[in-house]
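Here is how the chains run, residue by residue.
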Amino acid sequence: MYKVAVVGPSQSVDRILTLAREIEKELEFVPYIYSKTNEVKDFVLNPDRPVDFWLFSGYIPYQIAVNATGMNEAFVFIDSSELSIYKGILNLSNEIGKIPERVSIDMVSSFHFDEEFTQLEKELGKAFIKEFDVEIEAEELLDFHYGLWKRNEIEVALTCYPTVYESLREAGVPAYWLSPSRNEIYQTIRMFFEKIKTSYYKDTQISFNMIEIVEYDAIKEKMKESYQLEYLELHLKKTFIQLCETLDGLLIEQGNGRYVIFSTRGAVEREIRTLKEIVNYLSLEADSTVAVGIGFGQTVFTAEVNANRAIRESKDKGKQEIVIIQEDGTMIDAAGKDEELVYSYRTDDNEFVKKLQEGKISVKTFKRIESLIRKMDWAHFTTKDLAIHLNMSERNAQKIVSDLCKVDLAVCVGEESHYSRGRPVKVYQLT
């Protein structure tokens, strides 16, 4: 059973849990309630209990968590729309007996409802808006609203913080807490649960892990005594059994330096760093390059087909790299390394395929270049950039880019010169 942390102030967490338990009975919910937003950082860095996913009551706690740990696919927040502002105005109109003409509103800087605020000022008269960063202290927002109230510049206040709302109420200020509606909470939870189920099915996919000691025949020839080879094979098998234990897998020896481990996608993705370290260790023990091809699939057949393709890619590179091919055709080069690239070698765009065929460029080559540019966030690139990061000769990179330009998939956008002498380097951009 997956555990889901629900993070927010007590009012929000209670609302979320009530709805979540109505919708989904198969998940375990762990409430993480804060009185001050800075507590969120400690929640995600030092959780009381291990959880699989985090559901935040709003953008503020979500962004604080992201600031503390970085982007995380397990993080989801419940968004609120500009409709909450109009709902607040309506509620406060009933409270004070008229439509307010002067309003104060606080809003996270990342949210921009410029058109709505412009329209709001036309209808109400004056709207004092304070945009703030998620790390702001609640006292600063309270001072903003209460200061305007004391100077008689506003009639009502709308705030994103429940503690600010409560303090304003205690001070006699007509205030409204801007929070997601029941429908917004419901829709977010439904989509979130679908994401969890998708993650579950993905985690349980079959993983066919093919590991091969390259040029094993040459290793056998080097062994002067037969016992040396047997000791090496015993040592290798012991290491593979330990790896199997880590991956909860099943080991099969295919002979001549090739081993297969059956496991699950979730186990492999969680232990990819461990797998990389063991592969490096095996390479040192065998004094040879180790090729690793991993295939994911819903069936053993699909996973094996993908693994065979992946290990061919790994051997072709001639380097110590793990290659993964997922069921949808997505390929991961150098898995577990900083230079990891994710791209697809498939496409259903016929016009695009025709252009590639005309330029004699493979889909895989183009997708690798595209993935690298996206990963490095390059606005422009040179053939030297491609050669360095894709481990190819500069002459090969120049040929590929030239072919791309011929079929209008790339264009030269200028030149740059790093030295006082020599020809300037051409700069390109994918079209």
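Residues numbered from 1 in each chain as written. Predicted model: local features only at pLDDT ≥ 70, side-chain atom pairs only at ≥ 80, totals over all residues. Heavy atoms only, no water.

Moving on: the packing of aromatic side chains. A complete count under the given rule lists 17 aromatic pairs for this structure. The interplanar angle of 75 degrees and the centroid separation of 5.4 Å between the aromatic rings of Y59 and F77 together place this pair among those described as edge-to-face. Residue Y59 is located in helix α3 (residues 59-69), and its partner F77 is located in strand β4 (residues 75-77); the two are separated by 18 residues in the primary sequence. Accessibility expressed as a relative area gives 16% for Y59, which makes it buried. Taking relative accessible area as the criterion, F77 reaches 22% and is therefore assigned partly exposed. Geometrically, the ring pair formed by Y62 and F77 is tilted, given 4.7 Å between the ring centres and 35 degrees between the ring planes. Placement of the pair is Y62 in helix α3 and F77 in strand β4, with a sequence separation of 15 residues. An aromatic cluster of at least three residues, connected via ring pairs, comprises Y32, F43, W54, F56, Y59, Y62, F75 and F77. (Phe/Tyr/Trp six-rings, centres within 6.5 Å; stacked < 30°, edge-to-face > 60°. Helix = DSSP H or I, 4+ residues; strand = E, 2+ residues; numbered from the N terminus. Buried < 20%, exposed > 50% of the residue type's maximum accessible area, 1.4 Å probe, protein only.)

Attention now moves to the pattern of salt bridges. Side chains that differ in sign of charge can pair as their charged atoms come close. Considering all chains together, one arrives at 18 salt bridges under this definition. One salt bridge in this structure joins R169 and E95, with 2.6 Å as the shortest N-O distance. One end of the pair, R169, is in helix α7 (residues 162-170); the other, E95, is in helix α4 (residues 83-96), and 74 residues separate them in sequence. Here R169 falls in the partly exposed class, since its relative accessible area comes to 33%. The class of E95 is partly exposed, set by a relative accessible area of 41%. Here K130 ties to E140 by a salt bridge, and the two come within 3.3 Å at their closest N and O atoms. (Salt bridge = Lys/Arg side-chain N within 4 Å of Asp/Glu carboxyl O.)

Don't take any of this as a statement about function, it's just geometry.
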